[in-house]
Amino acid sequence: MQQFKTLKDLPEQDYFTGGSSACAGCGPSMGLKLALKVLGPETIIVNASGCMTLLPLYPNTPLKASWIHNAIENASSTAAGARHGLDMLGNKDMNVVVYAGDGATYDIGLASLSAVAAKNERIIYICYNNQSFGNTGFQWSTATPYGSETKTTPRGKNNPTGTTAVNKDMVKIMGAHRVYAATASLAYPVDFLNKLSRAKERDGFSYIELLGACTAGWNYDPRLTIRISKLAVRCGMWPMYEIENGILTLNKDFSELKPIDEFLKLQGRYRALPQDGVDRLQVLINEHWAELKEYNGQRYV
Amino acid sequence: MKQTLVTGNEAAAWGARLVRPNYIPTFPITPQTECIETLARWSADGELPGTYFDRMESEHSVMSAAVGAAAVGARVFTASSSQGLLLMHEVLYIAAGMRLPIVMATISRGLSAPVTLWSDHNDFLDQRDSGWLMFHAENNQEVLDMMLQAYRIAEDPRVLLPAMVNMDGYVLSFTDEPITIPSPEMVEEFLPEYNPDHTIAKGRPVTVGPPVLDEYTIFRAQNHVAARNALEVMEEVMDDFDRIFDRRYHLVDEFMLDDAELVLVTQGSMSTTAKAAIMEMREEEGIKVGLLRLRVIRPWPAKAIAEALKGAKAVAVIDRNLAPGRGGIMFPEIVETLYHLDRRPLVSSFVVGLGGNPQTEHKVKEITRKLIDDLETGRPRVEWNDL
Ligand SMILES: Cc1ncc(C[n+]2csc(CCOP(=O)(O)OP(=O)(O)O)c2C)c(N)n1
Ligand code: SF4
Ligand SMILES: [Mg+2]
């Protein structure tokens, strides 16, 4: 298994070159660029409709790997078909990797993902989570955190909170499928690539959820993508952990979380969140963090 | 080659087995279930070497997985009915747009609400603008034969489009009929291995399904041209089928049309009943009536249809389907096809057999008599036969 210790170990070779139409500073694009370093050119990226769908635009593509965009809710099933097609045709060593947004994963594609995971198909599923339906202009998904404003959960006189629902615990749900499930952050590329490398070796389904900081939707200065990705981890908004065979391992432990305000204040989507909303979000984060600490090293799901 | 009694579902399963598919994604729905259960059993018994039999969580996923497998060059089979076929609808267009020659058996069943398990053709015909080639069988032998032909036509480099082979639920799907099952060697001669060069393979990265800008119209036009090409390819394939299997098919099925003044236009299994009624009417009453069965729905074999109907005085289009607010679905297609004839027949529309309402010989004779009346009054009619 390929193992990376420091940033210097990352492969120089790039299979995601210039010429994409994504926003400057787009987190999900960076994620795919990093992932392809480990996956290599004999990979089929199965994409669900979303921001990344516009990476290739006929007749050009920035990618030096194969790509299937089918529709929004069926990347998992498409990948399963590709996997079995390849296997039956004797191409067992090509990688089949889903790269799908949170809306395609948590919401409209959940049934197909759950089934393919339950069957433990030999697929790597990367969910790039920008906490919204990004491509359609930043609307609420079940991955949107409490207190975030979106176009379909705007703040108003009757609802100063914006998003009042609490986001789904997707990693736990996937962990309960008895597959490999992990979180990742662009601020920790070595960790991300090691997780991918591990997923590549597994004879079964792996789910990696990458926080995909989104300059346009989260409304922040494009230079801050990595800083925000790091703060998300340090503030407990995006804990780094993995679940294998139901056992939880916290990958980045901190004696104390930074206050969530440090993460929020850099982003326009939280700008007008009232203090009681911030307090409630802090409570939710603390509860989740406490749960992870409690189960660290133990059976979690 | 062996003669045996099989249901329509089993005939489709035999078709699938003989074409040696790499992948069969499935989801159960009445009346199609027996087809995939048969394949599951064969797979479990090791009788489908080289095939992976898969079970999905929905028909939407079935068609999505079919697309994934076909995109890497696999030969794919699946089957569906009714609500399941409608759930696939989104992905059907995608499969056609990607030029993936997936073949699917569809076993027609009426659509909800209210619920019916019995057959009519709305589920099948709902897909007629999806870009798929669409064939409709009359009996179980034709189900199997059409399956073999569908793969040959769909995989032809001039076509590269997915294809549906339809049969009527219950009437065919659950009815034993004697059919000839060809030997694997004969099928291998007829249908060679599928070796596409437009799909993903090792050392050949491909981008499948990207967005386009102005070229959209070009891609759509290519789909249209490919579907039109299929008409010519079909004639070649049917010749070759006849050569190897000694069974002759045509773009349309013409029955006693040579001297026919009245023609019934039908689809699917009701055609057999109608043919029996026609023979009786000719023998007992001397009525010059014949039948044209539509067996290729897409691409639309306009020339063959116009040619077959050009001598008719009156035509009854018998639709086992309904477009509410419009009427029978095939009626306007036939009228349009005949519009440019020098001498146009009178064309009447009959909507019949919804939700499996049985089409008896008696009803066929009734329609024929109405057609004689229409000829006398000179006015065509639009009518529901079962109300
Ligand atoms: C069936 C269907 N419904 C709606 C859409 C419109 N749509 C395209 S992309 C998208 C957002 C997807 O969100 P997500 O999966 O989070 O990806 P992101 O856009 O954030 O990258 C939506 C709703 C669609 N393509 N298909
Ligand atoms: S909207 Fe967000 S996710 Fe989409 S391309 Fe822009 S930065 Fe990337
Ligand atoms: Mg998103």
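None of the values given here were measured: they were computed from a predicted structure.

**Notes on the overall build of chain A**
For chain A, the helix and strand inventory stands at 10 helices and eight strands. Taking 2.2 N^0.38 as the reference for a compact globule, 301 residues should give roughly 19 Å; the C-alpha atoms of chain A span a radius of gyration of 18 Å, in line with that estimate. The C-alpha extent of chain A, read off along each of the three principal axes, is 60 × 45 × 40 Å. The burial tally for chain A puts 60% of its 301 residues in the buried class. Across chain A, the fraction of contacts at a sequence separation of at least 24, relative to all contacts at a separation of at least 6, is 70%. In the structure as shown, chain A presents an accessible area of about 11,400 Å², 52% of it carried by carbon and sulfur atoms. Computed over 31 positive and 28 negative side-chain charges, the inter-centroid distance for chain A is 3 Å.

**A word on the coordination of the magnesium ion (ligand 3)**
Residues and elements named next belong to chain A. Those donors, D102 (OD), N130 (OD1) and S132 (O), are the protein atoms that reach the magnesium ion (ligand 3), and they lie 2.0 to 2.1 Å from it. Within one chain, the residues donating to the magnesium ion (ligand 3) are spaced in sequence as D-x27-N-x1-S. Placement of the pair is D102 in helix α3 (residues 102-107) and S132 in the loop between β4 (124-129) and α5 (170-175), with a sequence separation of 30 residues. For S132, a relative accessible area of 2% translates into the label buried.

**Here we look at the state of the cysteines**
The final tally for this structure, using the stated rule, is zero disulfides over all chains. Left unpaired, A:C127 is separated from the closest cysteine sulfur, that of A:C51, by 13 Å.

**Thoughts on the site of ligand 2**
With respect to spatial proximity, the complete set of residues near ligand 2 consists of A:A22, A:C23, A:C26, A:P28, A:C51, A:N130, A:C214, A:T215 and A:A216. The residue inventory of the shell around ligand 2, partitioned by class, reads seven nonpolar, two polar and no charged.

**Re the domain arrangement of chain B**
Residues and elements named next belong to chain B. Taken as a whole, chain B is organised into domain 1 (2-245) and domain 2 (252-384). Inter-centroid distance (C-alpha atoms) of domain 1 to domain 2 is 28 Å. The partner domain 2 presents 27 residues to the 29 residues of domain 1 that form the contact. The three residues of domain 1 that bury the most area against domain 2 are L125, R128 and E138, which together make up 28% of that side's buried surface. There are five salt bridges connecting domain 1 and domain 2. R128 is the partner of E333 in a salt bridge, and the nearest nitrogen-oxygen pair spans 3.8 Å. For the interface between domain 1 and domain 2, the tally reads 17 residue pairs in polar contact (both at pLDDT 80 or more). The set of elements that each furnish at least two residues to the side of domain 1 that touches domain 2 consists of α5 (122-125), β6 (133-136), α6 (140-155) and α8 (216-245). Of all the elements, α8 adds the most residues to the side of domain 1 that touches domain 2, at six residues. When the residues that make up the side of domain 1 that touches domain 2 are grouped by side-chain class, the tally is 16 nonpolar, six polar and seven charged.

**Digging into the site of ligand 1**
If you check the shell around ligand 1, you find 17 residues, and the closest are A:G103, A:A104, A:Y128, A:G134 and A:N135. Taken together, the residues near ligand 1 originate from chains A and B. Between A:C51 and ligand 1, the recorded distance is 2.9 Å, taken from a backbone N or O atom to an oxygen atom. Protein chains bury 75% of the 580 Å² of accessible surface belonging to ligand 1 in isolation. If one sorts the elements of the shell around ligand 1 by residue count, α3(A) sits on top with three residues.

**Details of helix α10 (residues 275-295) of chain A**
Its 21 residues give α10(A) an end-to-end C-alpha distance of 30 Å, which sits within 8% of 30 Å, the value for a rise of 1.5 Å per residue. Against the buried residues of α10(A) lie β7 (241-244), β8 (247-250) and α9 (261-264) of chain A.

**A closer look at the sheet that holds strand β5 (residues 103-108) of chain B**
Residue and element names in this part refer to chain B. Spatially, the five strands line up as an open sheet ordered β4-β5-β7-β6-β13, and their pairing is mixed. Across the chains shown, the open sheet's two edge strands, defined by having one partner strand only, are β4 (77-80) and β13 (296-298). Neighbour-to-neighbour, the strand axes of the sheet open up by a mean angle of 20°, direction not taken into account.

**Details of the packing of helix α1 (residues 8-18) of chain B against helix α2 (residues 33-44) of chain B**
Residues and elements named next belong to chain B. Direction vectors running N to C along α1 and α2 enclose 45°, while the axes themselves pass 8 Å from each other. With respect to their mutual orientation, α1 and α2 come out oblique. Note that α1 runs across α2; the crossing there is right-handed. Touching N9, E10, A12, A13, W14, A16 and R17 of α1 are E34, C35, T38, L39 and W42, all from α2. Counted by class, the contact of α1 with α2 contains seven nonpolar, two polar and three charged residues.

**Observations regarding the nonpolar core**
Core analysis: the biggest nonpolar cluster contains 121 residues, and A:F205, A:Y207, A:F263, B:I102, B:W132, B:L292 and B:I334 have the highest contact counts within it. The element best represented in this core is helix α3 (residues 59-71) of chain B, accounting for eight residues. Looking at which domains feed residues into this core, each of domain 1 (2-245) and domain 2 (252-384) of chain B gives three or more. With residues up to four places along the chain from it excluded, the contact list for B:I334 reads B:V265, B:L294, B:W300, B:I305, B:L309, B:V317 and B:V347. Counting residues in hydrophobic clusters, the runner-up holds 58 residues, among them B:F135, B:M146, B:Y151 and B:L231.

**Here we look at the packing of aromatic side chains**
Residue and element names in this part refer to chain A. For the structure on display, the rule yields 17 aromatic pairs over all chains. Between W218 and Y220 the ring centres are 6.4 Å apart and the planes differ by 55°, which places this aromatic pair in the tilted class. Y220 sits in the buried class, given a relative accessible area of 6%. Their ring planes at 55° and their centres at 5.5 Å tell us that Y295 and Y300 sit as a pair that is tilted. The class for Y295 is partly exposed, based on a relative accessible area of 29%.

Procedures and definitions
Residues numbered from 1 in each chain as written. Chains lettered and ligands numbered in written order. Predicted model: local features only at pLDDT ≥ 70, side-chain atom pairs only at ≥ 80, totals over all residues. Heavy atoms only, no water. Helix = DSSP H or I, 4+ residues; strand = E, 2+ residues; numbered from the N terminus. Rg over C-alpha atoms; globule rule 2.2 N^0.38 Å. Buried < 20%, exposed > 50% of the residue type's maximum accessible area, 1.4 Å probe, protein only. Contact = heavy atoms within 4.5 Å. Areas by Shrake-Rupley, 256 points an atom, 1.4 Å probe, with all protein chains shown as cover. Lys, Arg positive; Asp, Glu negative; His and termini not counted. Charge placed at Lys NZ, Arg CZ, Asp CG, Glu CD. Donors = N, O, S within 2.8 Å, 3.2 Å for Na, K, Ca; no water. Disulfide = S-S within 2.5 Å. Near = heavy atom within 4 Å. Nonpolar A, V, L, I, M, F, W, Y, C, P; charged D, E, K, R; others polar. Domains from an automatic or database assignment. Buried area = accessible area lost by both parts, 1.4 Å probe. Salt bridge = Lys/Arg side-chain N within 4 Å of Asp/Glu carboxyl O. Polar contact = N/O pair within 3.5 Å; in protein donor to acceptor, adjacent residues only side chain to side chain. Expected span 1.5 Å × (residues − 1). Pairing = 2+ DSSP bridges. Axes fitted to C-alpha atoms, helices over the stretch in contact; angles between N-to-C directions. Parallel < 35°, antiparallel > 145°, perpendicular 65-115°, else oblique. Left-handed = near helix turned anticlockwise from the far one by under 90°. Core = buried A, V, L, I, M, F, W, Y, C linked by side-chain atoms within 4.5 Å. Phe/Tyr/Trp six-rings, centres within 6.5 Å; stacked < 30°, edge-to-face > 60°.

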